[in-house]
Amino acid sequence: MTKTYKLTLTAMMIAIGTISSNLFYIPIGFTKVFPIQHFMNVLSAVLLGPYYAVAQAFGVSLLRNLMGTGSLFAFPGSMVGALLASLLFWKTRKLYLAFIGEVIGTGILGALLSYPIATLILGQKATVFGFIPLFIFSSFAGALLGFIILTVFLRKKVLIVNKNDTTIRK
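As the structure is a computational prediction, the values presented were derived from the model and not from experiment. (Residues numbered from 1 in each chain as written. Predicted model: local features only at pLDDT ≥ 70, side-chain atom pairs only at ≥ 80, totals over all residues. Heavy atoms only, no water.)

Undergrad: Can you walk me through the nonpolar core in this structure?
TA: The tendency in soluble globular proteins is for nonpolar side chains to be buried side by side. The biggest cluster of nonpolar side chains holds 22 residues, and the ones touching the most others in it are Met13, Met40, Leu43, Val46, Leu47, Leu48 and Leu150. For this core, the secondary-structure elements that each account for two or more residues are helix 1 (3–23), helix 2 (35–47), helix 3 (50–67), helix 5 (95–121) and helix 6 (132–155). Element by element, the count of residues in this core is highest for helix 2, at seven residues. The next biggest cluster of nonpolar side chains, apart from the first, holds seven residues, and it includes Ala111, Ile117, Ala118 and Phe135. (Core = buried A, V, L, I, M, F, W, Y, C linked by side-chain atoms within 4.5 Å. Buried < 20%, exposed > 50% of the residue type's maximum accessible area, 1.4 Å probe, protein only. Helix = DSSP H or I, 4+ residues; strand = E, 2+ residues; numbered from the N terminus.)

Here you go:
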């Protein structure tokens, strides 16, 4: 896959993630649960690799915050999840590890990184483990959707995952 193709696909994923944030999110407390982001993270982790997956997660988080449909917690959650999902898939080429990486990266690590943001930056009263159930719920739902769609696409040979790269079959 060329760099231009990867950049274009990343930009399209950022656009889809940003547009869908206006349509589907679940407000819980002072967080906004957004499973579509985790769906996009799994897709970009498998199709594009670590650099582009993190760039996609950052782009969607930034635009969601600028539009008022996101919170600051989107940054650590989505970016760590995208990174861990893509690294696990990149090293093993196993789709279920991209799913697990997204859930652990966002649901646990991203939630733990959100605690200092809540207490120090936003001045909100929060517990260290208060974010984990919310983040796990959101990341599990979105990552499962991404896992299912990618499994079907790979089984039907719509996508071909090579050892060195991921290419989309025409």
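That was the structure; now back to the text.
Undergrad: Any chance you could explain helix 4 (residues 74–92) here in plain terms?
TA: Residue pairs three or four apart in sequence face the same way in an α-helix, which turns once every 3.6 residues. Counted at 1.5 Å a residue, the expected span for helix 4 with its 19 residues is 27 Å, and the 27 Å between its end C-alpha atoms agrees. For helix 4, the complete set of buried residues consists of Ala74, Phe75, Pro76, Gly77, Ser78, Gly81, Ala82, Ala85, Ser86 and Phe89. (Expected span 1.5 Å × (residues − 1).)

Undergrad: What am I meant to see in the environment of Asn22 here?
TA: Residue position: Asn22 is located in helix 1. For the pair Asn22 and Met67, spaced 45 residues apart in sequence, the C-alpha separation works out to 9.0 Å. Every residue in contact with Asn22, bar those within four places of it in the chain, is listed here: Met67 and Thr69. (Contact = heavy atoms within 4.5 Å.)

Undergrad: Is there a simple way to think about the packing of helix 1 against helix 2 in this case?
TA: Helix-helix packing is characterised by the crossing angle of the two axes and by the distance between the axes. At a minimum axis distance of 10 Å, the contact between helix 1 and helix 2 shows a crossing angle of 170 degrees. Taken as axis vectors, helix 1 and helix 2 run roughly antiparallel relative to one another. Residues Leu9, Met13, Ile16, Gly17 and Ser20 of helix 1 pack against Ile36, Met40, Leu43, Ser44 and Leu47 of helix 2. Here the contact of helix 1 with helix 2 is built from residues that sort into seven nonpolar, three polar and no charged. (Axes fitted to C-alpha atoms, helices over the stretch in contact; angles between N-to-C directions. Parallel < 35°, antiparallel > 145°, perpendicular 65-115°, else oblique. Nonpolar A, V, L, I, M, F, W, Y, C, P; charged D, E, K, R; others polar.)

Undergrad: Would you mind going over the environment of Ile36 with me for this structure?
TA: If you trace the backbone, Ile36 turns up in helix 2. As a C-alpha pair, Ile36 and Gly146 span 110 residues in sequence and 9.0 Å in three-dimensional space. Other than its neighbours up to four places away in sequence, Ile36 contacts Ser20 and Phe24.

Undergrad: Please clarify how helix 2 should be interpreted in this entry.
TA: Compared with the 18 Å implied by 1.5 Å per residue over 13 residues, the 19 Å span of helix 2 between its first and last C-alpha is a close match. At the exit of helix 2 stands Gly49, carrying a positive phi of roughly 100 degrees.

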